[in-house]
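Next come the chains, spelled out residue by residue.
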Amino acid sequence: MDSSALNKVRARMAAAAQRAGRDPADVSLLVVSKGRSNEAVLELYDAGHREFGENRPHGLQERGEGNLPEDIRWHFVGNVQRRAIKTIAPPIVLLHSFDRMSLLEPWARLETPPPILIEVNIAAEPQKHGFEPRQVLQVADLVTDRGIAVRGLMIIPPRVEVAEDARRWFAQLRKIGDRLRAQHPE
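Everything numeric here is computed off the predicted structure, so don't read it as measured data. By convention here, each chain's residues receive numbers from 1 onward along its written sequence. Local features in this predicted model are restricted to residues whose pLDDT is 70 or higher, and side-chain atom pairs enter the listing and the counts only when it is 80 or higher, whereas totals over whole chains, interfaces and linings include all residues. With hydrogens and water excluded, all non-hydrogen atoms of the structure serve as input to the side-chain values.

Some details on the pattern of salt bridges
Stage number 1. Salt bridges are identified by distance alone: a Lys or Arg side-chain nitrogen within 4 Å of an Asp or Glu carboxyl oxygen. Summed over the entire model, instances satisfying the criterion amount to nine salt bridges.
Stage number 2. A salt bridge links E54 to R63, with the nearest nitrogen and oxygen atoms 2.9 Å apart. Exposure class is identical for E54 and R63. Each is buried.
Stage number 3. A salt bridge links R146 to E105, with the nearest nitrogen and oxygen atoms 2.7 Å apart. Of this pair, R146 sits in the loop between α6 (136-145) and β6 (150-154) while E105 sits in helix α5 (residues 104-108), placing them 41 residues apart in sequence. Any residue under 20% of the maximum accessible area for its type is buried, any over 50% is exposed, and the rest in between are partly exposed; the area is computed with a 1.4 Å probe on protein chains only. By definition, any uninterrupted DSSP run of H or I lasting at least four residues is a helix, any uninterrupted run of E lasting at least two residues is a strand, and each is numbered from the N terminus.

Here's the deal with the environment of G78
Stage number 1. The topology assignment puts G78 in the loop between β3 (73-76) and α4 (85-88).
Stage number 2. Using a relative accessible area of 8% as the deciding quantity, one classes G78 as buried.
Stage number 3. Here a residue-residue contact requires only that any non-hydrogen atoms of the pair lie within 4.5 Å. The residues contacting G78, other than those within four sequence positions of it, are E54, N55 and S97.

Structural notes on the nonpolar core
Side chains of nonpolar character tend, in soluble globular proteins, to be buried together.
Stage number 1. Residues belong to a common nonpolar core when they are buried Ala, Val, Leu, Ile, Met, Phe, Trp, Tyr or Cys residues joined through side-chain atoms within 4.5 Å. Core analysis: the largest hydrophobic core is formed by 41 residues, its most contacted members being L95, F98, W107, I116, I118, V143 and L153.
Stage number 2. Beyond its immediate chain neighbours, meaning those up to four positions away, I116 contacts L94, L95, F98, W107, V143, I148, A149, V150, R151 and G152.

Things to note about the pairing of strand β2 (residues 51-54)
Stage number 1. Side-chain alternation along β2 places E51 and G53 on one buried face and F52 and E54 on a second face that is also buried.
Stage number 2. Pairing geometry for strand β1 (residues 31-32) and β2, over two bridges, is parallel. Looking at the pairing, V32 lines up with G53 of β2.
Stage number 3. Being paired, for any two strands, means DSSP has found at least two bridges between them. Pairing between β2 and β3: four bridges, direction parallel. Note that in β3 the partner of E54 across the bridge is F76.
Stage number 4. Handedness of the crossover joining β2 and β3 through helix α3 (residues 57-63) is recorded here as right-handed. Note on handedness: a crossover is taken as right-handed if, strands pointing away from the viewer, the path from the first strand over the helix to the second is clockwise.

Observations regarding the packing of α6 against helix α7 (residues 167-183)
Stage number 1. The geometry of α6 relative to α7 is characterised by a closest axis approach of 10 Å and an angle of 35° between their N-to-C directions. At the point where α6 passes α7, the crossing takes the right-handed sense. Between α6 and α7, the residues in contact are V136, L137, A140 and D141 and I176, R179, L180 and Q183, respectively.
Stage number 2. Of the residues in the contact of α6 with α7, the class split is five nonpolar, one polar and two charged. Axis geometry follows a simple rule: fit a line to the C-alpha atoms, using only the stretch in contact for helices, then measure angles between N-to-C directions, giving values from 0 to 180 degrees. Whether a crossing is left-handed or right-handed is set by the direction in which the near helix is turned from the far one by less than a right angle, anticlockwise for left-handed and clockwise for right-handed. Each residue gets one of three labels, nonpolar for Ala, Val, Leu, Ile, Met, Phe, Trp, Tyr, Cys and Pro, charged for Asp, Glu, Lys and Arg, and polar for the others, Gly among them.

Re the sheet that holds β6
Stage number 1. Strand order in the open sheet made by the six strands is β1-β2-β3-β4-β5-β6, with parallel pairing throughout. Among the strands making up the open sheet, the edge pair consists of β1 and β6.

Quick word on the packing of aromatic side chains
A ring pair, where both rings are aromatic, is described by two values, the distance of the centres and the angle of the planes.
Stage number 1. Paired rings are identified among Phe, Tyr and Trp, the last through its six-membered ring, by centres lying within 6.5 Å, and are further divided according to the angle between planes into stacked (under 30 degrees), edge-to-face (over 60) and tilted (the rest). Throughout the structure, instances matching the rule amount to two aromatic pairs.
Stage number 2. Relative to W74, the ring of F52 has its centre 5.8 Å away and its plane inclined at 45°; by these criteria the two rings are tilted. Pair noted here: F52 is in strand β2 and W74 is in strand β3, with a separation of 22 residues, a long-range link. Neither F52 nor W74 differs from the other in exposure class; each is buried.
Stage number 3. A centroid spacing of 6.2 Å and a plane angle of 20° characterise the contact between F98 and F131, whose relative ring orientation is stacked. Remark: F131 occurs in the loop between β5 (116-119) and α6 and F98 occurs in strand β4 (residues 92-98); sequence separation between them is 33 residues.

This is how it looks when you write it as structure tokens:
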């Protein structure tokens, strides 16, 4: 993605937010920089973008070696291996893939554990990670009891031929999110 494509995506996002009755300023774009050069990241940075995601610990570590501006807000969007937690946690502002309970204790032992998104396997697909929808509230209770902030939920919906067919998965996620907000307003 270059700065021209970034501006087109931003315009489409703003139009979609307005159609949904939302303030476009409340919607943020996370650019996943996997496989992109530091120069490509800098081009988007120079266009005003600050939120970037990496899906591999090594990629995140390379990005943080002083090659890029310090005010970039890094997110981790990949599958977390327990042995890599100490590598990925310090530079990130949000973990997008808290997908199993075996991550709880090592994440909670961090000096300052970054907030998380609980990954939900919304369609019970065996090849995908995440919690079952019925488990989300209990997981949120356990996570917050250990001092980890939950910022929301994340899904990777099933692949569909027509984009509109994915709406039902996001509608289901919204219902789960509403229950989560009622139980954990923070």
